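Descriptive analysis of the structure
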Amino acid sequence: MKIDILTLFPQMFESPFDASIIKRAIDKKLLEINTINIRDFSQNKHHTVDDTPFGGGAGMVMGPEPVFECMDYLREQRGGELGRVIMMCPQGEPFSQGYAKELGKEQHLVFLCGHYEGFDERVRETLVTDEISIGDYVLTGGELPAMVVVDAVARMVPGVLGEAASAEEDSFYNGLLEHPHYTKPREYRGQVVPDILLSGHHGNIRKWRRRQSLLRTIERRPELLTQVELTKEDKAALQELLSYLQALDLKK
Ligand SMILES: C[S@@+](CC[C@H](N)C(=O)[O-])C[C@H]1O[C@@H](n2cnc3c(N)ncnc32)[C@H](O)[C@@H]1O
């Protein structure tokens, strides 16, 4: 997958993509991430990229010219095709694992990172295919949101996680929160690892994990259960867990 990130601060991306799984994916050529400085495409002599808003008011707006110029250059570089062009935007569609899965199937993604008051509206109207928000709060720029989205999407690209880790077991992938994990030592400060995980009985371990996953979801994010396809076994387990939770509540 090729990822182009248009930003005023390319240096912000150096360290996050130079470590761990993302760096390995880049080294293995599963991912190519290029940052492009929008300022390099400013045509005026001071290389400015923003200006005051028409109509007045506080803040500066990123002008259309350098962004359009930059996209023309990129289109040419990529043989005329740009694929999905994603604007980071607090007003955009809330990002989710499902969105990450969908973007993970693409060959080429372009990210637009805003700053100040954001981009001139004509950028949004003409160049953008997707607008993504990482949450209902406003950050100073689109760089951190783009890093979040690129990281989540990269994990969906086949081969990036390697064999040791699997995204399919993670929270949200199949709609549920993941079960808890334990490692050595077996006992630590009086807290012991559940016996079932040491039993070597894979069928029972799988069942225990699924129940823990259902329990976590019902306790923390019950609304997720309405979107998941549950098996007969899941439904029976949920019924049991609900009675158990109700009994606990009645005892209070
Ligand atoms: C200060 S914000 C602009 C906010 C804009 N004036 C508004 O109220 O919608 C500057 C840039 O940061 C990025 N940004 C800020 N918060 C974000 C969020 N929650 N999700 C995605 N991008 C965000 C966007 O690229 C945005 O253009």
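Cut-off values and rules
- Residues numbered from 1 in each chain as written.
- Predicted model: local features only at pLDDT ≥ 70, side-chain atom pairs only at ≥ 80, totals over all residues.
- Heavy atoms only, no water.
- Helix = DSSP H or I, 4+ residues; strand = E, 2+ residues; numbered from the N terminus.
- Rg over C-alpha atoms; globule rule 2.2 N^0.38 Å.
- Contact = heavy atoms within 4.5 Å.
- Areas by Shrake-Rupley, 256 points an atom, 1.4 Å probe, with all protein chains shown as cover.
- Lys, Arg positive; Asp, Glu negative; His and termini not counted.
- Charge placed at Lys NZ, Arg CZ, Asp CG, Glu CD.
- Near = heavy atom within 4 Å.
- Polar contact = N/O pair within 3.5 Å; in protein donor to acceptor, adjacent residues only side chain to side chain.
- Nonpolar A, V, L, I, M, F, W, Y, C, P; charged D, E, K, R; others polar.
- Buried < 20%, exposed > 50% of the residue type's maximum accessible area, 1.4 Å probe, protein only.
- Salt bridge = Lys/Arg side-chain N within 4 Å of Asp/Glu carboxyl O.
- UniProt positions renumbered as here; feature names shortened; annotations may be inferred.
- Axes fitted to C-alpha atoms, helices over the stretch in contact; angles between N-to-C directions.
- Parallel < 35°, antiparallel > 145°, perpendicular 65-115°, else oblique.
- Left-handed = near helix turned anticlockwise from the far one by under 90°.

Before going further, it helps to spend a moment on the overall build of the protein. When helices and strands are counted, the protein shows seven helices and nine strands. Taking 252 residues into account, the globule formula puts the C-alpha radius of gyration at 18 Å, and the protein, at 23 Å, lies well above it. Considered along the principal axes of its C-alpha atoms, the protein spans approximately 70 × 45 × 40 Å. Within the protein, counting contacts between residues at least 6 apart in sequence, those at least 24 apart form 73% of the total. Accessible surface for the protein amounts to roughly 15800 Å². Of this, 50% is attributable to carbon and sulfur atoms. Distance between charge centroids for the protein: 10 Å, based on 30 positive and 39 negative side chains.

The next thing to look at is the site of the ligand. Close contacts around the ligand come from 20 residues, with Met 88, Gln 91, Gly 114, Tyr 137 and Leu 139 the closest. Within the contact set of the ligand, a nitrogen atom lies 2.8 Å away from a backbone nitrogen or oxygen of Tyr 137. Those elements that provide at least two residues to the shell around the ligand are strand S5 (84–94) and strand S7 (130–133). Of all the elements, S5 adds the most residues to the shell around the ligand, at four residues. Of the residues assigned to the shell around the ligand, the class counts are 10 nonpolar, nine polar and one charged.

So, about the side chain of Ser 42. Of note, Ser 42 is situated in the loop between strand S2 (32–37) and strand S3 (50–51). Residue classification places Ser 42 among the buried positions, given a relative accessible area of 7%. Separated by 2.7 Å, the side chain of Ser 42 and the backbone oxygen of Thr 48 make a polar contact. Apart from residues lying up to four places away in sequence, Ser 42 is in contact with His 47, Thr 48, Val 49 and Pro 66.

Let us look at the pattern of salt bridges. The full count for this structure, using the stated rule, is 15 salt bridges. Close ionic contact of Asp 170 with Arg 155 constitutes a salt bridge, the shortest N to O distance being 2.6 Å. With Asp 170 in the loop between helix H5 (143–154) and strand S8 (187–188) and Arg 155 in the loop between H5 and S8, this pair connects stretches of sequence that are 15 residues apart. Exposure remark for Asp 170: the relative accessible area of 22% places this residue in the partly exposed category. Since its relative accessible area comes to 27%, Arg 155 is described here as partly exposed. A salt bridge links Arg 211 to Glu 240, with the nearest nitrogen and oxygen atoms 2.8 Å apart. Of this pair, Arg 211 sits in helix H6 (residues 202–220) while Glu 240 sits in helix H7 (residues 232–251); the two residues are 29 residues apart in sequence, bridging distant segments of the chain. Given a relative accessible area of 31%, Arg 211 falls into the partly exposed group.

As a further point, take the UniProt feature "binding site: S-adenosyl-L-methionine" (unreviewed entry) in the protein. UniProt's entry tags Gly 114, Ile 134, Gly 135, Asp 136, Tyr 137, Val 138 and Leu 139 with the feature "binding site: S-adenosyl-L-methionine" (unreviewed entry), counted in the numbering of this structure. The exposure class assigned to Ile 134 is partly exposed, which follows from its relative accessible area of 26%. The contacts of Ile 134, once residues within four sequence positions are left out, are Leu 139, Pro 145, Val 148 and Val 149. Along the chain, Leu 139 falls in the loop between S7 and H5. Given a relative accessible area of 37%, Leu 139 falls into the partly exposed group.

What follows is about the packing of H6 against H7. Between H6 and H7, whose axes approach to 10 Å, the crossing angle comes to 55°. Taken together, H6 and H7 sit at an angle that is classed as oblique. Like other packed secondary-structure pairs, H6 and H7 cross with a definite hand, here right-handed. Of H7, the residues touching H6 (which contributes Arg 206, Lys 207, Arg 210, Arg 211, Leu 214, Leu 215, Ile 218 and Glu 219) are Glu 233, Asp 234, Ala 237, Leu 238, Glu 240, Leu 241, Leu 242 and Leu 245.

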